[in-house]
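Spelled out from the first residue to the last, the chains are:
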Amino acid sequence: MGNIIEELYYGNLRPEENIVPQDAEYRELNKKVTMYIERFQSKLSKQDFQDLEQMMDLIDQVHSSYSAACFVKGFKTGAMVMVEVGTKVE
């Protein structure tokens, strides 16, 4: 990665693409979600399953918006900490 400001400008800084939780709970939850999706796919009509997929996509969009807001808030808080740390104390 080159200059971080240029990387930001060109949209090359995408930390969410590199996040892969390593804890066992995440992997277990992912397996359970897959199991439920497969179960619903076998039980529901094609249209009902498509509706379910659309709902899950909307939930993903909501979660993504929330995650982005958390990231921004955390980044701003971190920047304020850095400013405070760098400020001369009298």
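Anything mentioned here points back to the structure above.
Draft legend 1. Main features of a nonpolar patch on the surface. Residues Met 35, Tyr 36, Phe 40 and Leu 44 make up a contiguous nonpolar surface patch of roughly 340 Å² in combined accessible area. Mapped onto the elements, Met 35 comes out in helix H2 (residues 24-43).

Draft legend 2. Representation of the packing of H2 against helix H3 (residues 46-86). It is at 9 Å that the axes of H2 and H3 come closest, and there the two elements cross at 150 degrees. Compared by their axis directions, H2 and H3 come out roughly antiparallel. Here Ile 37, Phe 40 and Gln 41 of H2 lie close against H3, whose contacting residues are Phe 49, Leu 52 and Met 56. Considering only residue class, the contact of H2 with H3 consists of five nonpolar, one polar and no charged.

Scoring rules and cut-offs
Every residue gets a number counted from 1 within its own chain, in the order that chain's sequence is written. Thresholds applied to this predicted model are a pLDDT of at least 70 for local features of residues and 80 or more for the giving and counting of side-chain atom pairs; totals over whole chains, interfaces and linings are not thresholded and use all residues. For side-chain calculations, the full set of non-hydrogen atoms in the structure is used, while hydrogens and water are omitted. By definition, no residue in a patch forms a salt bridge, and every one has over 30% relative accessible area; like charges are joined within 9 Å, nonpolar side chains (Val, Leu, Ile, Met, Phe, Trp, Tyr) within 5 Å. Computed with a 1.4 Å probe, the accessible areas rest on the Shrake-Rupley method; for each residue, only the protein chains presented here act as cover. Any carboxyl oxygen of Asp or Glu within 4 Å of a side-chain nitrogen of Lys or Arg constitutes a salt bridge here. Strands here are runs of E lasting at least two residues and helices are runs of H or I lasting at least four, both read from the DSSP assignment and numbered beginning at the N terminus. In this analysis an axis means a line fitted to C-alpha atoms, helices contributing only their contacting stretch, and an angle means the value between N-to-C directions, from 0 to 180 degrees. An angle below 35 degrees is treated as roughly parallel, one above 145 as roughly antiparallel, one from 65 to 115 as roughly perpendicular, and anything else as oblique. Here, two residues are considered to be in contact whenever any of their heavy atoms come within 4.5 Å of each other. Residues are grouped as follows: nonpolar covers Ala, Val, Leu, Ile, Met, Phe, Trp, Tyr, Cys and Pro; charged covers Asp, Glu, Lys and Arg; every other residue, Gly included, is treated as polar.

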